[in-house]
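Residue strings, one per chain:
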Amino acid sequence: SQQGEEDPQALSIQEGENATMNCSYKTSINNLQWYRQNSGRGLVHLILIRSNEREKHSGRLRVTLDTSKKSSSLLITASRAADTASYFCATDRYNNNDMRFGAGTRLTVKP
Amino acid sequence: KAGVTQTPRYLIKTRGQQVTLSCSPISGHRSVSWYQQTPGQGLQFLFEYFSETQRNKGNFPGRFSGRQFSNSRSEMNVSTLELGDSALYLCASRPRSSSGGLQTYNEQFFGPGTRLTVL
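The notes below deal with the structure included here. (Residues numbered from 1 in each chain as written. Chains lettered and ligands numbered in written order. Predicted model: local features only at pLDDT ≥ 70, side-chain atom pairs only at ≥ 80, totals over all residues. Heavy atoms only, no water.)

### Quick look at the state of the cysteines
Taken as a whole and assessed by the stated rule, the structure comprises 2 disulfides over all chains. Between the sulfur atoms of A:Cys23 and its disulfide mate A:Cys89 the distance is 2.0 Å. Sign of the S-S torsion, about 70 degrees for the bond between A:Cys23 and A:Cys89, identifies this disulfide as right-handed. In this pair, A:Cys23 sits in strand 3 (residues 19–24) while A:Cys89 sits in strand 9 (residues 85–93), placing the two residues 66 residues apart along the sequence. Residues A:Cys23 and A:Cys89 agree in their burial class; the two are buried. Two residues share a disulfide in this structure: B:Cys23 and B:Cys91, whose sulfurs sit 1.7 Å from each other. Between B:Cys23 and B:Cys91 the sulfur-sulfur dihedral comes to about -55 degrees; the bridge is accordingly left-handed. Remark: B:Cys91 occurs in strand 9 (residues 87–94) and B:Cys23 occurs in strand 3 (residues 19–24); sequence separation between them is 68 residues. (Disulfide = S-S within 2.5 Å. Helix = DSSP H or I, 4+ residues; strand = E, 2+ residues; numbered from the N terminus. Buried < 20%, exposed > 50% of the residue type's maximum accessible area, 1.4 Å probe, protein only.)

Next up, the structure:
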């Protein structure tokens, strides 16, 4: 079964705008990760945030984690057409390597 | 380092047949996980192998099985195929580490997937 839920399911924005995606999960976690998937291909790791961290940056990406609310958000700033993809959050539990993925957010960035 | 490779990339089978998919992890990665991705169910965890042993298993029937070899390469087998087994099967590898007695996990590196179509 899936651990998390992403919100929104789909997001369409113009190039240059910011995109925010949210993820909620159900159980205590060791870390939370965000991945990108281009149409029917393998997943690419974007960023990992551990349960004792609250915010993390990587280039145009900013991830926040609120363990009290069991939620995370991914912000992509100054989006580009190449950012068009599906974005998934995934959680790891302690001592249990069965990473659980959310349903994903389909992001479309229009040029 | 070479990335995770999966073979074959595409496969067409008929109901009742069986299929074996192969995954070669990144050199040095001993943990290999398998996932099934379908439009309806999303990404579902199948199982994880570490040092030739299955360490975790998702909620899939016994028709889905796997194994890992001493060189960390892994195979996944699905017997008595059903139409609903049509999916993208993804393999991922990652290093494992421990801290204070607890297993800690890092990013997973995914292969391109095997697209299985069951007719």
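After presenting the structure, the write-up continues.
### Considerations on the sheet that holds strand 1 (residues 5–7) of chain B
Residue and element names in this part refer to chain B. Taken in spatial order, the 4 strands of this open sheet run 1-3-8-7, and their pairing is antiparallel. Because the sheet does not close on itself, it has two edges, and the strands there are strand 1 and strand 7 (64–68). Averaged over all neighbouring strand pairs, the angle between strand axes comes to 20 degrees, with direction disregarded. (Pairing = 2+ DSSP bridges. Axes fitted to C-alpha atoms, helices over the stretch in contact; angles between N-to-C directions.)

Function cannot be read off these values alone, since they describe shape.
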